[in-house]
Amino acid sequence: MSGGAISEDGGELLAKLNAAPRGDFIAMLAGVYEHSPWIAERAWDLRPFASLAALKQALVRAVREAGHEQQLALVRAHPELVGKAALAGDLTPESLDEQGRVGLAHCSPEEFAQLRDLNAAYSARFGWPFILAVRGPRGTGLTRGQIIAALERRLHNPDDVEFAECLRQIHRIAEIRLNPKFGFEPALGNAVWDWCEALAAHSEPEWAANGQLTATYLTDAHRACAHDIQSWMQDCGFDDVAIDAVGNVVGLYHGSDPQARRLLTGSHYDTVRNAGKYDGRIGILIPMVCVRELRRAGRRLPYGIEVVAFAEEEGQRYKTAFLGSGALVGAFAPAWLEQRDAAGMTMRDAMLHAGLPASLDAVAALRRDPARYLGFIEVHIEQGPVLSALDLPLGIVTSINANVRCVGEICGLASHAGTTPMRQRRDAACGAAELALYMERRAAADGDAVATMGMLDVPGGSINVVPGRCRFSLDLRAPSDAQRDSLLGDVRAELTAICSRRGLRFTLEETMRERAAPSDPAWQARWERAVQALGLPLHRLPSGAGHDAMKLHATLPQAMLFVRGENAGISHNPLESSTADDLHLACAAFNRLLDDLAAPPC
C-alpha cells in the first residue's frame, strides 16, 4: 500500500481550482459556505493547495482571519432549522438537501412545536440562528431527537462558546458539501467510525439500561469488545491474532521477512463509566484499517506491525491503571491479583471467569524484548479543546504529563446536625471540601498543572448527620515529574494542616504514579512529516491525559498523534465524538508514517 492507496480523490478539480482566475474559483466553490462568496475570494490568495484537506484549511483560515462582524454575518446567513425560510421554500439547494436528508421536512406536530419554541429561545438568547451540521459526524444524518437534544444543550452555552461552536459547525457543513464536489468519501474514516459504534453496543447492563456506555476490565461487555476486535483483526488479514494472559487482543502482520523487527502500536478498549465511544479505541482501529489496506494490496513492509488492543488503562474496576500496557514492560504488580472490585470479586477470580490463566508466570511471559521492536506509536482522540479551538484535525504530541493518583479518607465525628454547634463540629466532608478548593487554587497558579478531586463520598451519610467520614480521590498532573511532586507535597501538607486545625484524622494511599513521557524526537518528526504530507499545518501540544504510550516509554521510543474531538473536544463523556473525515485523515497520516518508516535511508 502506497500513500496514494488512501489518498483523497479530486486531483483534477484541485488542479483546476489552483489554476482558476479569482472569479472562476469563487464560482466553482459556490454554495459551500451559505451566501458568503467572500470566503472563497480570500482563500484564492492562499493557492496552490496540495490536497483537498489543504483547501479546507485555507477556507477555515479565511474565516478565522475575518473580523467578528464578518463572522457574525456568516452565522446570520444561515437559516433556522425548520424555520420560516424552510416553510416558505426559500432555502438554498444545499440547505434544502441537508434538512431533507434528516427528515426535518417531516417533523411531527410535537417536534415542530418543540423546534419552533427552542429556535425562538435560542434567537432571543444569542441573536443569531442555531447552526448544526445536521448530517453529523458520519455524514449520514442525525436523528430529529439528536438535533433537538443539541439545541436544548447548546442553548445554555456562554455567548463566546456558542459563537465559536457555530463557526465550527459551519466549517463542518462546508466540509460535507465539498466532499462530493471532489468525488471524495472518507471511506477509511467511515470504517473506523462504524467500528466505534459497533463496540459501543457492548455496555454493562446497569449502564446499557440508560443508553450509556461502560465497559470495565473483564466484565461481559468488555469481553464482548475483545471478541469483536479479535474477529475484525482476523477479517483485516492479520497473520496471527490472539487474546493474551491479561486480556489484551494482539494482532500481528508480518513484514516481508517474518523475523524482521516490528512496529508496535495500539491503545485501550476499556472505558470509564458513562464513557464516550472513541477514547482509546480509535488507536486500535486506525492501525487495523491500515493493515487491512496493506493486505488488500498484497503488500508487505520491511518490518512487521503488531497492534495491541490493551485490555485495561482506565483504572475503573480495580485500583490499577495501564494494566494491559504495563504487562508488556514488566510493570504488572503481583498484589493486583488480590484486589477486589466493588462487588468483592478479586482480579484473580475475574481473570479465571474470563478464561485467563490468572498466573504471574503467564503475565510475566508477556514482557516484550525491546530489541525486537522499532518503537511504539499511538493515535488518540485529543480529549481536550485545543485542536477544536484551532480548527485543526490533527496534532503532534510533544510529551505526556506526569501523573499521580491517590485515594484517601478523612475521619471526624458523626453527630446530630441540629444539636452540634458549628464551632464544635468535626466535619469530615468540610475538611475534604476545603482541600478541594485549595487544590483548585494551587494548581491554577502552577502553569500547566491540574488537580482534580473526582470522587467524593460520605459513607452511610444522612441528611441530618454531620459527616463523620469522607472518602475522596486525588488526580494530580504536571508537565514534569518535579512539578508533579511539588504539587503533591503541597497538597499533602495542606491536608495535614486542615485536619490538625479541624480535629480530624486522615489516610492517603498512592494508587498510581507515572513519570512524564516526552516524545522521542525521531518518531515525533515522523508524525510531523506525515501530517505535512497531507497538506495540513503542524501544531504541537502536550498531553494532559495519560496514555498507554507513557508505559511503553519505559522501554521503547514513543510518539503520539492526536485527532480533534467534536463538541469542543470533550472526553470521558457521552458527547465525545470525532468526524469520519478527521478519522480518515488520521488513517492517512498513519499510512504516511508506515511509508516513511519503510523508505530506505537517504
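Basis of the calculations
Residues numbered from 1 in each chain as written. Predicted model: local features only at pLDDT ≥ 70, side-chain atom pairs only at ≥ 80, totals over all residues. Heavy atoms only, no water. Helix = DSSP H or I, 4+ residues; strand = E, 2+ residues; numbered from the N terminus. Rg over C-alpha atoms; globule rule 2.2 N^0.38 Å. Buried < 20%, exposed > 50% of the residue type's maximum accessible area, 1.4 Å probe, protein only. Contact = heavy atoms within 4.5 Å. Areas by Shrake-Rupley, 256 points an atom, 1.4 Å probe, with all protein chains shown as cover. Lys, Arg positive; Asp, Glu negative; His and termini not counted. Charge placed at Lys NZ, Arg CZ, Asp CG, Glu CD. 1 Å grid on protein atoms, 1.4 Å probe; cavity = no way out; pocket = protein on both sides within 12 Å on 5 of 7 lines; lining within 4 Å. Points joined across faces, edges and corners; volume = space filled by probe spheres on them. Nonpolar A, V, L, I, M, F, W, Y, C, P; charged D, E, K, R; others polar. Core = buried A, V, L, I, M, F, W, Y, C linked by side-chain atoms within 4.5 Å. Axes fitted to C-alpha atoms, helices over the stretch in contact; angles between N-to-C directions. Left-handed = near helix turned anticlockwise from the far one by under 90°. Salt bridge = Lys/Arg side-chain N within 4 Å of Asp/Glu carboxyl O. Polar contact = N/O pair within 3.5 Å; in protein donor to acceptor, adjacent residues only side chain to side chain. Disulfide = S-S within 2.5 Å. Phe/Tyr/Trp six-rings, centres within 6.5 Å; stacked < 30°, edge-to-face > 60°.

Section: the overall build of the protein chain
Next up, step 1: Regarding its fold elements, the protein chain presents 23 helices and 16 strands.
Next up, step 2: For the protein chain, whose C-alpha radius of gyration is 26 Å, the value lies close to the compact-globule estimate of 25 Å for 602 residues.
Next up, step 3: Seen through its C-alpha atoms, the protein chain measures out along the principal axes to roughly 75 × 70 × 45 Å.
Next up, step 4: By residue count, 55% of the 602 residues in the protein chain fall in the buried class.
Next up, step 5: Partitioning the contacts of the protein chain with sequence separation of at least 6, the portion at a separation of at least 24 is 77%.
Next up, step 6: When the accessible surface of the protein chain is totalled, it reaches about 24,600 Å², and 53% of it is carbon and sulfur.
Next up, step 7: Of the charged side chains in the protein chain, 61 are positive and 74 negative, and the gap between their average positions amounts to 3 Å.

Concerning the layout of surface pockets
Next up, step 1: In this structure, the second largest pocket occupies an estimated 800 Å³ of space.
Next up, step 2: In this structure, the second largest pocket is lined by 37 residues; those nearest its centre are P137, L142, Q146, P574 and S577.
Next up, step 3: Partitioning the lining of the second largest pocket into residue classes produces 13 nonpolar, 14 polar and ten charged.

Some words on the side chain of R168
Next up, step 1: Mapped onto the elements of the fold, R168 is located in helix α10 (residues 159-181).
Next up, step 2: What makes R168 buried here is its relative accessible area of 18%.
Next up, step 3: The residues touching R168, leaving out its near neighbours within four places in the chain, are V161, S388, A389, D391 and A568.

Details of the nonpolar core
Next up, step 1: M288, M351, L394 and W527 are the most contacted members of the largest nonpolar core, which totals 77 residues.
Next up, step 2: Look past the residues within four positions of M288 in its chain and what remains in contact with it is W195, I229, W232, M233, C236, F238 and V307.
Next up, step 3: Judged by nonpolar contacts, the second largest core, of 56 residues, contains I39, F49, A58 and F182.

What to know about the packing of helix α4 (residues 52-64) against α10
Next up, step 1: For the pair α4 and α10, the least separation of the axes is 11 Å and the interaxial angle reads 145 degrees. Seen along the crossing, α4 lies across α10 with a hand that is right-handed. Contact residues: α4 offers L52, L55, K56, L59, V60 and V63, while α10 offers L167, H171, E175, L178 and N179.
Next up, step 2: Residue composition of the contact of α4 with α10, grouped by class: seven nonpolar, two polar and two charged.

Remarks on the side chain of T219
Next up, step 1: Mapped onto the fold, T219 is located in the loop between α12 (205-208) and α13 (220-236).
Next up, step 2: Those residues in contact with T219 that lie beyond four places of it in its chain are E204 and R317.

Quick look at the pattern of salt bridges
Next up, step 1: Enumeration according to the criterion identifies 44 salt bridges in this entry.
Next up, step 2: Taking the shortest distance from any N to any O, the salt bridge between R296 and E293 comes out at 3.4 Å. Taken together, the residues R296 and E293, both in helix α14 (residues 282-296) and three residues apart, mark about one turn of the helix.
Next up, step 3: Accessibility expressed as a relative area gives 14% for E293, which makes it buried.
Next up, step 4: One connected set of salt bridges, linked through shared partners, spans K56, R172, E175 and D581.

Thoughts on the environment of D159
Next up, step 1: Structurally, the position occupied by D159 is in helix α10.
Next up, step 2: Each C-alpha atom of the pair D159 and R125 lies 8.6 Å from the other, and the pair is 34 residues apart in sequence.
Next up, step 3: In this structure D159 touches R125, F126 and W128, once residues within four positions along its chain are discounted.
Next up, step 4: There is a polar contact of 2.5 Å between the side chain of D159 and the side chain of R125.

Focus on empty space enclosed by the protein
Take a probe with the size of a water molecule and roll it over the atoms, and the empty space left behind shows itself.
Next up, step 1: One pass over the full model with this rule turns up three cavities of 30 Å³ or more.
Next up, step 2: Taken as a whole, the largest cavity holds about 390 Å³ of empty space.
Next up, step 3: Along the walls of the largest cavity sit 29 residues, with V60, H171, R172, E175 and R564 positioned nearest its centre.
Next up, step 4: For the lining of the largest cavity, the secondary-structure elements that each account for two or more residues are α4, α10 and α23 (580-598).
Next up, step 5: Of the residues that constitute the lining of the largest cavity, the class distribution is eleven nonpolar, eight polar and ten charged.
Next up, step 6: Here the second largest cavity is characterised by a volume of approximately 140 Å³.

Thoughts on unusual backbone geometry
Next up, step 1: Of note, the amide linkage connecting R47 to P48 takes the cis form, showing an omega dihedral of 0 degrees.
Next up, step 2: Among the secondary structure elements, P48 is positioned in the loop between α3 (38-43) and α4.
Next up, step 3: Even without a glycine there, the phi angle at A358 is positive, about 50 degrees.
Next up, step 4: Relative to the elements of secondary structure, A358 occurs in the loop between α16 (347-353) and α17 (360-364).
Next up, step 5: On the accessibility criterion, A358 (8% relative accessible area) is buried.

Side note on the state of the cysteines
As used in these notes, a disulfide is a covalent bond between sulfur atoms, one from each of two cysteines.
Next up, step 1: Considering all chains together, one arrives at zero disulfides under this definition.
Next up, step 2: The thiol of C107 is not disulfide-bonded; the next cysteine sulfur, from C166, is found 19 Å away.
Next up, step 3: C107 sits in the buried class, given a relative accessible area of 18%.
Next up, step 4: Considering cysteine sulfurs only, C587 is the nearest to C196, which forms no disulfide, with 10 Å between them.

Overview of the packing of aromatic side chains
Next up, step 1: For the coordinates displayed, the defined rule picks out nine aromatic pairs.
Next up, step 2: Between Y122 and F126, the ring centres sit 4.7 Å apart and the planes meet at 50 degrees, which makes this aromatic pair tilted. Pair noted here: Y122 and F126 are both in helix α8 (residues 109-126), with a separation of four residues, about one helical turn. Side by side, Y122 and F126 carry an identical accessibility label, which is buried.

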